[in-house]
Amino acid sequence: MTSFSAVLAFGVAACVAGVAAPALAQSSAQSSAALQLTTGKVVTDPAGAFISVSVKNGTTAPISETYVACEFFAGNRALGKSSTTLFSIVPGVTGTDQVRLLGGTSANRATCAITGHK
């Protein structure tokens, strides 16, 4: 299932017709109760910035909702926070989405974390 933020990010990217430019990013992997978070590079476009996030379910039970929050930075200056919810990640499967910060056109890095799940 695709979340609303992924659809929004795709729609915005399609509207700007390929003018997205990758920025420097911090790639990370984080584990939380057998959930593993992996992030991609921060990308900017005329609408703002976004980062791809993936969560692998290493548990033996389905996870109905996983919450991922990211804070975007331009150098050391915080630009803002945004989040997404990944739905229905079954054991052994990786769910993916994007976290977008509208207006964050100067972002060059982000820190992300799993903030909860159920």
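Residue indices follow the written sequence of each chain, beginning from 1 at its first position. With pLDDT at 70 or above as the cut-off, local features in this predicted model cover only qualifying residues; side-chain atom pairs require 80 or more to be listed or tallied, and sums for whole chains, interfaces and linings still use all residues. Note that the side-chain values use all heavy atoms of the structure and ignore hydrogens as well as water.

S.K.: Let's hear about the pattern of salt bridges: which residues, and what values?
M.R.: The salt bridge criterion pairs a side-chain nitrogen of Lys or Arg with a carboxyl oxygen of Asp or Glu, the two atoms within 4 Å. Overall, the coordinates contain two salt bridges when judged by the stated rule. Lys118 serves as the salt-bridge partner of Glu65, at 3.9 Å between the closest nitrogen and oxygen. In this pair, Glu65 sits in strand β5 (residues 63–74) while Lys118 sits in the segment after β8 (109–117), placing the two residues 53 residues apart along the sequence. What counts as a helix is a DSSP run of H or I of at least four residues, what counts as a strand is a run of E of at least two, and both are numbered from the N terminus.

S.K.: Explain the environment of Ser54 to me, and be specific about the residues and the numbers.
M.R.: Within the fold, Ser54 resides in strand β4 (residues 48–57). For every residue, the accessible area (1.4 Å probe, protein chains only) is compared with the maximum for its type, and the residue is labelled buried under 20%, exposed over 50%, or partly exposed between those bounds. The class for Ser54 is partly exposed, based on a relative accessible area of 23%. Along the primary structure Ser54 and Leu37 are separated by 17 residues, whereas in three dimensions their C-alpha atoms are 5.6 Å apart. Note on definitions: a residue-residue contact is assigned when non-hydrogen atoms from the two residues lie within 4.5 Å. Sequence-distant contacts of Ser54, that is, excluding residues within four places in its chain, are made with Gln36, Leu37, Thr38, Thr94, Gly95 and Thr96.

S.K.: Describe the state of the cysteines, listing the residues and the values that go with them.
M.R.: By convention in this document, the label disulfide applies to cysteine sulfur atom pairs within 2.5 Å. One pass over the full model with this rule turns up one disulfide. For Cys70, the disulfide goes to Cys112, at an S-S distance of 2.1 Å. One disulfide, between Cys70 and Cys112, carries an S-S torsion of 110° and so falls in the right-handed class. With Cys70 in strand β5 and Cys112 in strand β8, this residue pair connects regions lying 42 residues apart in the sequence.

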